[in-house]
Amino acid sequence: MATVELTDLVTQYPNGVRGVDGVDLAIADGEFFALLGPSGCGKTTLLRTLAGLEGATEGRVRIGERDVTALEPGERDVAMVFQDYALFPHMTVSENIAYPLRIQKVARGEREERARESADPLSLGALLERRPAQLSGGQQQRVALARAIACHPQVFLFDEPLSNLDARLRLEARTFLKQLQRRLGVTTVFVTHDQAEALAMSDRMAVMEAGRIRQVGTPREVFQRPASLFVANFIGATPMNLLEGAVRGGRIDLGGVSVPLPAGHSGLGDGERVVWGVRPEYVATAGDGVPADEVVEGEVSAVENLGVTVLVTVAVGGRDGEEGVEVRAVLPEDDEPEVGARLRLHPQTARVLLYRADDDGALVEP
Amino acid sequence: MNPVVRTLLSRVGGYVGACLLVVFFALPLLWLVLTPFTPNPTYRASLSGVTLDNFRALVDNPQVWPSIRNSLVLAGGSALLVVALAALAAYALSRVRVPGRDQLLYALLLLSSIVTGTAAMVPLFLMLFQLGLIDRQVGVVLVLTGGLLPAAVFMLKDFVDSVPRSYEESARVFGAKPNQVLRHVVLPVIRPGMATVGVWALVQVWGNFLVPYVLLANPSKQPAAVVMYTFYDAGGQPDFALISTFALVYSVPVVLLYLVVNRRYGFAFQGGIKG
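Residues numbered from 1 in each chain as written. Chains lettered and ligands numbered in written order. Predicted model: local features only at pLDDT ≥ 70, side-chain atom pairs only at ≥ 80, totals over all residues. Heavy atoms only, no water.

- An unreviewed UniProt entry lists chain B under the name Carbohydrate ABC transporter permease, with Phycicoccus sonneratiae given as the organism.
- Quoted straight from UniProt, the Sequence similarities (unreviewed entry) entry for chain B says "Belongs to the binding-protein-dependent transport system permease family."
- Recorded in UniProt under Subcellular location (unreviewed entry), the annotation for chain B is "Cell membrane". (UniProt positions renumbered as here; feature names shortened; annotations may be inferred.)

- For chain A, the name recorded in an unreviewed UniProt entry is ABC transporter ATP-binding protein, with Phycicoccus sonneratiae as its organism.

### A short note on unusual backbone geometry
Residue and element names in this part refer to chain A.
Then comes step 1: One non-glycine residue with positive phi stands out, namely lysine 105, at about 60 degrees.
Then comes step 2: If you trace the backbone, lysine 105 turns up in the loop between helix H2 (93–103) and helix H3 (108–119).
Then comes step 3: Phi is positive for histidine 152, close to 45 degrees, though the residue is something other than glycine.
Then comes step 4: Assignment of secondary structure puts histidine 152 in the loop between helix H4 (137–150) and strand S7 (155–159). (Helix = DSSP H or I, 4+ residues; strand = E, 2+ residues; numbered from the N terminus.)

### Description of the sheet that holds strand S15 (residues 283–285) of chain A
Residue and element names in this part refer to chain A.
Then comes step 1: Strand order in the open sheet made by the five strands is S15-S19-S16-S17-S18, with antiparallel pairing throughout. Each having just a single partner strand, S15 and strand S18 (325–332) make up the two edges of the open sheet. The mean angle between the axes of side-by-side strands here comes to 50 degrees, regardless of whether they run parallel or antiparallel.
Then comes step 2: Here strand S16 (residues 296–305) runs beside strand S19 (residues 342–347); their pairing, made up of four bridges, is antiparallel. Looking at the pairing, valine 296 lines up with leucine 345 of S19. (Pairing = 2+ DSSP bridges. Axes fitted to C-alpha atoms, helices over the stretch in contact; angles between N-to-C directions.)

### Focus on the UniProt feature "transmembrane region" (unreviewed entry) in chain B
Residue and element names in this part refer to chain B.
Then comes step 1: In the numbering adopted here, UniProt assigns the feature "transmembrane region" (unreviewed entry) to residues 12–34, 72–93, 105–126, 138–160, 181–203 and 240–261.
Then comes step 2: The span residues 12–34 is 100% helix and 0% strand, and its two end C-alpha atoms sit 30 Å from each other.
Then comes step 3: Between the end C-alpha atoms of residues 138–160 there is a gap of 29 Å, over a span that is 100% helix and 0% strand.

### Describing the interface of chain A and chain B
Quoted interface sizes are often the accessible area lost when the parts come together.
Then comes step 1: Chain A puts 25 residues into the contact, and the matching count from chain B is 18 residues.
Then comes step 2: Across the chain A to chain B interface the summed buried area is about 1800 Å²; carbon plus sulfur atoms make up 64%.
Then comes step 3: On the chain A side of the contact with chain B, His90, Tyr99 and Ile103 of chain A bury the most area, a combined 25% of that side's loss.
Then comes step 4: For glutamate 169 of chain B, the salt bridge is made with arginine 48 of chain A, and the minimal N-O distance between the two is 2.7 Å. (Contact = heavy atoms within 4.5 Å. Buried area = accessible area lost by both parts, 1.4 Å probe. Salt bridge = Lys/Arg side-chain N within 4 Å of Asp/Glu carboxyl O.)

### Examining helix H7 (residues 165–173) of chain B
Then comes step 1: Across the nine residues that make up H7 of chain B, a large majority, seven, are buried.
Then comes step 2: For H7 of chain B, every residue scored as buried is listed here: Ser166, Tyr167, Glu168, Glu169, Ser170, Ala171 and Val173 of chain B.
Then comes step 3: Where H7 of chain B is buried, its residues contact helix H1 (43–51), strand S6 (78–81), H2 and H4 of chain A together with helix H3 (64–95) and helix H8 (178–189) of chain B.
Then comes step 4: Glycine 175 of chain B sits one or two residues past H7 of chain B and shows a positive phi near 100 degrees. (Buried < 20%, exposed > 50% of the residue type's maximum accessible area, 1.4 Å probe, protein only.)

### Description of the pairing of strand S9 (residues 204–209) of chain A
Residues and elements named next belong to chain A.
Then comes step 1: Of the strand pairs in this sheet, strand S3 (residues 32–36) and S9 are connected by four bridges, and their pairing is parallel. Note on S9: the bridge partner recorded for leucine 36 is valine 207.
Then comes step 2: As judged from the five bridges shared by S9 and strand S10 (residues 212–217), these two strands associate in the antiparallel manner. Paired with glutamate 209 across the strands is arginine 212, a residue of S10.

### Regarding the packing of helix H9 (residues 191–206) of chain B against helix H12 (residues 240–264) of chain B
Residue and element names in this part refer to chain B.
Then comes step 1: In the contact formed by H9 and H12, the axes pass within 10 Å of each other and the chain directions differ by 175 degrees. In terms of axis orientation, H9 runs roughly antiparallel to H12. Contacts between H9 and H12 involve Ala195, Val199, Leu202, Val203 and Trp206 from the first element and Tyr250, Pro253, Val254, Leu257 and Val261 from the second. (Parallel < 35°, antiparallel > 145°, perpendicular 65-115°, else oblique.)

### Section: the pattern of salt bridges
Residue and element names in this part refer to chain A.
Then comes step 1: One pass over the full model with this rule turns up 19 salt bridges over all chains.
Then comes step 2: Across the pair glutamate 54 and arginine 48 runs a salt bridge whose closest N-O atoms are separated by 2.9 Å. You'll find glutamate 54 and arginine 48 in the same group, each marked buried.
Then comes step 3: Through salt bridges with shared partners, a single network forms among Arg18, Asp21, Glu58 and Arg212.

### So, the nonpolar core
Then comes step 1: The biggest cluster of nonpolar side chains holds 142 residues, and the ones touching the most others in it are Leu6, Leu35, Ile97, Tyr99 and Leu157 of chain A together with Leu156 of chain B.
Then comes step 2: Element by element, the count of residues in this core is highest for H3 of chain B, at 12 residues. (Core = buried A, V, L, I, M, F, W, Y, C linked by side-chain atoms within 4.5 Å.)

### Some remarks on the domain arrangement of chain A
Residue and element names in this part refer to chain A.
Then comes step 1: Along its sequence, chain A is organised into domain 1 (4–227) and domain 2 (241–356).
Then comes step 2: Between domain 1 and domain 2, the C-alpha centre-to-centre distance is 41 Å.
Then comes step 3: Taken together, the five residues of domain 1 in the interface contact five residues of domain 2.
Then comes step 4: Here domain 1 is connected to domain 2 by zero salt bridges. (Domains from an automatic or database assignment.)

### A word on the packing of aromatic side chains
Here the distance between the centres and the angle between the planes together describe a pair of aromatic rings.
Then comes step 1: Using the criterion set out here, one finds 14 aromatic pairs over all chains in the structure.
Then comes step 2: An aromatic cluster of at least three residues, connected via ring pairs, comprises Trp206, Phe231, Phe246 and Tyr250 of chain B.
Then comes step 3: Arginine 147 of chain A extends its terminal NZ or CZ atom over the ring of phenylalanine 88 of chain A, reaching a point 4.9 Å from the ring centre.
Then comes step 4: When the ring centre of tyrosine 282 of chain A is taken as reference, the NZ or CZ atom of arginine 351 of chain A above it lies at 4.4 Å. (Phe/Tyr/Trp six-rings, centres within 6.5 Å; stacked < 30°, edge-to-face > 60°. Lys NZ or Arg CZ within 6 Å of the ring centre and 35° of its normal.)

### A word on a positive patch on the surface
Then comes step 1: Among the surface-exposed residues, Arg102, Lys105 and Arg108 of chain A together with Lys177 and Arg183 of chain B lie close enough to one another that they form a single positively charged patch.
Then comes step 2: Its location among the elements puts lysine 177 of chain B in the loop between H7 and H8.
Then comes step 3: The exposure class of lysine 177 of chain B is partly exposed, given its relative accessible area of 48%. (Patch = residues over 30% accessible without salt bridge, like charges linked within 9 Å, V, L, I, M, F, W, Y side chains within 5 Å. Areas by Shrake-Rupley, 256 points an atom, 1.4 Å probe, with all protein chains shown as cover. Lys, Arg positive; Asp, Glu negative; His and termini not counted. Charge placed at Lys NZ, Arg CZ, Asp CG, Glu CD.)

### Some words on a negative patch on the surface
Residue and element names in this part refer to chain A.
Then comes step 1: Together, Glu333, Asp334, Asp335, Glu336 and Glu338 give the surface a local cluster of negative charge.
Then comes step 2: Within the secondary structure, aspartate 334 sits in the loop between S18 and S19.
Then comes step 3: Residue aspartate 334 is classed as exposed on the basis of its relative accessible area of 72%.

Below, the structure written as structure tokens:
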């Protein structure tokens with residue numbers, strides 16, 4: 001068990017592209033940590049640098065008490081599960097699981113025993129003599145996990161461990177992985193491009209973009225208070241409402257519609273450009289008790305069924321030749337409106353976040 | 001013409017053409033299989049009585065068995081050397097970025113046909129003479145290996161290219177040293193390719209006449225392909241009994257090898273991991 005510490009880490013490819021561009025990160029002992037980001041953001045490069053498969057151009061990597069920056073992958077005491085699982089096709093399941101032990105020159109009898117020990121809890125006991133090609137995707141994934149477990153590493157590194165599974169199996173594997181990690185208590189870093197996966201599984205997560213970390217926090221923190229427009233856009237099953245407007249007379253004018261300024265933002269000057277953001281889940285239909293100045297009213301332009309909820313897009317404003325804006329809300333299935341109907345929405349002002357309307361799009365702290 | 005008739009005719013024509021083609025290629029094979037068992041072999045493939053006398057004559061010939069052994073030494077040695085060197089070269093060329101790598105490979109491939117070709121025999125002879133390798137089997141093995149290597153590297157590189165890098169990286173993270181990665185992961189995965197290339201190299205050398213004929217002087221070192229050339233009687237007539245029987249015996253090891261390897265690995269001329 002160990003902590004992982006990255007200091008000023010830069011990984012530059014021979015062609016000059018910086019896959020990782022100045023990352024500082026501390027991962028606690030036993031933590032289940034997610035690296036999340038769109039493809040090409042450097043999350044896999046960061047994981048590979050941690051594993052030692054890519055050399056760090058600048059900065060340090062520490063695992064536990066050791067500085068492993070200059071060490072070979074095999075000397076870092078980490079185990080990695082690859083996206084394609086990287087099971088050796090010419091070896092049986094048992095030989096695959098015991099391969100790390102073969103490298104450590106453990107005797108054959110003990111190897112087989114320890115392979116069985118790691119395989120049994122993952123219900124692979126009956127498959128030990130099969131070859132990887134004879135296994136299903138889910139079984140292959142469990143073999144890859146068993147192989148990682150068998151070498152008792154200080155840190156697990158998972159590269160998109162669930163992306164090769166079909167949707168149904170992925171949900172089961174998510175729960176399973178989380179339970180397994182909790183039971184083993186081994187520090188785990190996993191890479192994913194699926195924000196739902198990161199939110200569901202991790203203890204803490206880092207959102208990456210262009211080789212840099214944009215936000216680190218618990219899934220709840222990142223979901224509720226995305227630190228920038230990029231994170232706000234990236235996190236969440238339904239896209240967040242992000243509308244640009246200007247502060248005017250203690251309210252925010254979004255063009256055709258004005259909304260209240262959230263509490264604690266009275267310091268913003270008149271005319272200042274901001275982005276008003278609220279998750280569709282935090283927008284409800286306005287009941288009778290809602291003050292009129294908090295209501296956003298418009299015409300329903302689209303209704304998407306999400307199962308127990310519906311995602312409703314409402315065109316707001318747009319009178320007098322002005323261009324209107326669209327506000328989305330997630331409503332219970334019973335409240336499903338007709339397309340074209342007038343709808344009064346109530347964004348929960350306490351959940352509204354304001355961002356700077358510039359390139360960084362940083363969160364405006366109250 | 002009625003389209004049905006036309007289809008029928010074109011199909012009949014196709015089959016007749018195919019049959020003629022089969023006969024054309026099958027006749028020599030028929031001759032090869034039948035003639036050793038006929039009492040008075042000629043150019044004609046006919047079975048007029050069955051006899052094993054020809055085989056007795058072959059067994060009694062003092063040149064036959066040593067020449068088969070020589071063939072095995074030359075072909076086996078070359079095949080092993082070709083596979084071993086080509087596997088290493090293919091791995092390196094597949095994994096290390098070398099500027100102009102593909103051009104280099106194509107150039108080698110083109111030039112390789114010259115190495116064992118007729119045009120290069122004089123310089124090769126002189127070179128081996130300087131090296132003191134004339135009339136030595138190791139010289140023949142080296143020359144043939146050199147000629148086969150580029151094509152072998154080319155074929156094997158395709159197999160290595162198809163091995164996912166994650167296999168090697170996975171082994172490295174578990175602490176495998178480069179030679180362990182090669183021995184435990186890469187070589188076993190490309191084994192079918194190595195088997196294919198090995199058989200291919202063996203067959204090439206097995207049937208090669210020119211190189212051993214020129215580079216070996218002592219008849220006792222000559223392989224079967226060269227010795228067969230000496231089976232003429234005093235009058236300059238080919239000794240059909242000996243030639244046909246020897247030809248059959250000569251082809252058996254290659255056919256056997258093919259069957260064994262095909263059974264074990266299945267022939268593949270392109271890399272690929274079965275899912």
